Amino acid sequence: MTLLDVSGLHAGYGPIEVLHGVDLTVNEGEVVVVLGANGAGKTTTMRAISGTIPRRGSITYAGKAIGAARADEIVNAGIAQVPQGRGTFVDLSVEDNLRVGAYVRGDDPSADISRWFEVFPRLGERRTQKAGSLSGGEQQMLAIARALMSRPKLLLCDEPSLGLAPIIVQEMFRILAQLNREEGTSILLVEQNANLAMEIAHRAYLLETGTIVASGDAKEMLDDDAIRKAYLGY
Amino acid sequence: MIKDFLQYLFDGLSTGAIYSLIALGLVIVYRGTGHLNFAQGEMAMLSAFLAWWVSDNWLPIWLAVFVCAAFAFVLGAVVERVIIRPIGKRSVFAVGVAAIGLLLGINALAPFLWKVVFPEPIGSLFPKENTDFVTIGGAHWRYENIGVLLVMLAVAAVLFVLFQKTKLGLAMRAVATNPESAPLAGIKTGQVLMISWGLAAAVGAIGGCMVASVNGNVTSTMMLAIFFSATAAAMLGGFDSLVGAVVAGLLLGIIENMGAGYQPDIIGNELKGSLSLVIILVVLLFRPSGLFGSRRVERV
């Protein structure tokens, strides 16, 4: 079942168009990776889907057209984004950050908060500290946990490994894979660390200067010599 | 000796409570949108005029205060939506200029709307007879002064609960710290900002009513000097701290009254307002973030 269907997506900043008609889909329960060099439009793709920048084209989520929806409506529909550079609420405590994440829900989020504190014990230890005082890795964990507090069916993850120590990166991908496996959360992932991303991905897209130039099964893409050399570095 | 001290303290606490009310409004707006609302005092003045009009014609004065706070809430929300937001998209400085324009416009609007030139008498919110005071250490703490202080503390307490304990308050704090990411959590940023401005105006309106009640009248210039001292208080408190606004407002009120009382020839009533400005100058030299302001720490 197709969960997210993007076609002919155009977006950019002011007069500069970055995406020139991007097409991609995410099926239910899938982890999909978007690979691409710096400036290819990976982050712009994520922002266009989450509604944080103006865009043109068709975006369908669970059968509903969301191409013209505002960012807060898209979260309500069930898509959560972990923005690049974390996007935590630095003046708020760790626990309040999670409460903000549960803003769209009508019920008491306490059980989910305890649960994420179990998954990320470091956050639990720092629950009353301001988010701004956390280390980069902890903030990234918090950003992911915050996004998951809305119980999304689709998680958009923009460069979650940016600036993190390798051991924390591995831990984070383990958690993302587990989330996908156990909860069935679909994940659309943009990642510089292509090797790790491809390990947990089902499918991948290759983005070059604002258009998709290749797509396919993650395993098949790994077997393609040209792609491997260009994006995976071996 | 102690009698004089207590007297200046009591008087200062109620002057300060009014500064705190206006400063609270400034802080709410600043936290929400990062703007200094120059029209905060004049919006309070317009609201006080409404309270005078309503209490003169229809309702008891206390009910009139609630009506005027509700009116101010709508006024603040409309100002945010119609003036501040569209202009803010272009430039922060333009918002400052627009707010100054609003200050001048409202200042002229109130006398125009009600066709009044001279101060109009308004009833008092608190017992105000010559005998309405408690005596502590020989000094008179007037019921009126106690009342103004209690109203301010009650407003501050309500704001604290709102910000710290409610979902709306959580959304307001989230928008204040990261307006770009707040929509990603499903928060309607625009709605939250309108509510922030409305809330700030309502708090200011209550301040305006207190001033009117203490002065015994409403007039278009009633908030001008108070606005400057309240701005000084907001700065001294750190501009993003509600506690700071309350404490710094009271502090400035006390300092002004003590200065005027102990140095009647050098400072007196004429110069006591400038005392606030000297104090914030000195404090900001050593603590640029104010007494309670958060120095933003962000690890990357």
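Residues numbered from 1 in each chain as written. Chains lettered and ligands numbered in written order. Predicted model: local features only at pLDDT ≥ 70, side-chain atom pairs only at ≥ 80, totals over all residues.

A.B. asks: What am I meant to see in the sheet that holds strand E10 (residues 211-217) of chain A here?
C.D. replies: Whenever strands of a sheet pair, they do so through backbone hydrogen bonds, lying parallel or antiparallel. Residues and elements named next belong to chain A. Spatially, six strands are ordered E6-E7-E8-E3-E9-E10 in an open sheet, and the strand pairing comes out mixed. Among the strands making up the open sheet, the edge pair consists of strand E6 (79-82) and E10. Neighbour-to-neighbour, the strand axes of the sheet open up by a mean angle of 15°, direction not taken into account. By the bridge criterion, five bridges tie strand E7 (residues 154-158) to strand E8 (residues 186-190) in an arrangement that is parallel. By the bridge assignment for E8, Leu-154 is matched with Ser-186. Sheet strands touched by helix H6 (residues 136-148): E6 and E7. Its angle to E6, the strand with the most contacts, is close to 170°. (Pairing = 2+ DSSP bridges. Helix = DSSP H or I, 4+ residues; strand = E, 2+ residues; numbered from the N terminus. Axes fitted to C-alpha atoms, helices over the stretch in contact; angles between N-to-C directions. Contact = placed C-beta atoms within 7 Å.)

A.B. asks: Honestly, the packing of helix H6 (residues 167-177) of chain B against helix H7 (residues 189-215) of chain B in this entry has me stumped. Any pointers?
C.D. replies: All names here are of chain B. In the contact formed by H6 and H7, the axes pass within 10 Å of each other and the chain directions differ by 105°. As the angle between them shows, H6 and H7 are arranged roughly perpendicular. The segment H6 lies against H7, with Ala-171, Met-172 and Val-175 engaging Thr-189, Val-192, Leu-193 and Ser-196. Tallied by class, the residues present in the contact of H6 with H7 amount to five nonpolar, two polar and no charged. (Parallel < 35°, antiparallel > 145°, perpendicular 65-115°, else oblique. Nonpolar A, V, L, I, M, F, W, Y, C, P; charged D, E, K, R; others polar.)

A.B. asks: Explain the pairing of E8(A) to me, please; I cannot follow it from the model alone.
C.D. replies: Side-chain direction in a regular strand flips from residue to residue, so the side chains alternate between the two faces of the sheet. Residue and element names in this part refer to chain A. Here E8 lies mainly inside the structure; five of its five residues are buried. Going residue by residue along E8, you find Ser-186, Leu-188 and Val-190 tucked away on one face and Ile-187 and Leu-189 tucked away on the opposite face as well. With four bridges connecting them, strand E3 (residues 31-36) and E8 associate as parallel partners. If you follow Val-31 over to E8, its bridge partner there is Ile-187. In this fold, E7 hands off to helix H7 (residues 166-183), which returns the chain to E8; that crossover is right-handed. (Buried ≥ 20, exposed ≤ 12 C-beta atoms within 10 Å, placed from the backbone. Right-handed = clockwise from strand over helix to strand, strands pointing away.)

A.B. asks: Help me understand the nonpolar core in this model?
C.D. replies: All names here are of chain B. In this structure, Ala-23, Leu-24, Ala-48 and Ile-206 are the most contacted members of the largest nonpolar core, which totals 173 residues. Broken down by element, this core gets its largest block of residues, 17 residues, from H7. Each residue touching Ala-23, except ones within four places of it in the same chain, is listed here: Ala-230, Ala-233, Ala-234, Gly-237, Ala-245, Ala-248 and Gly-249. (Core = buried A, V, L, I, M, F, W, Y, C linked by C-beta atoms within 7 Å.)

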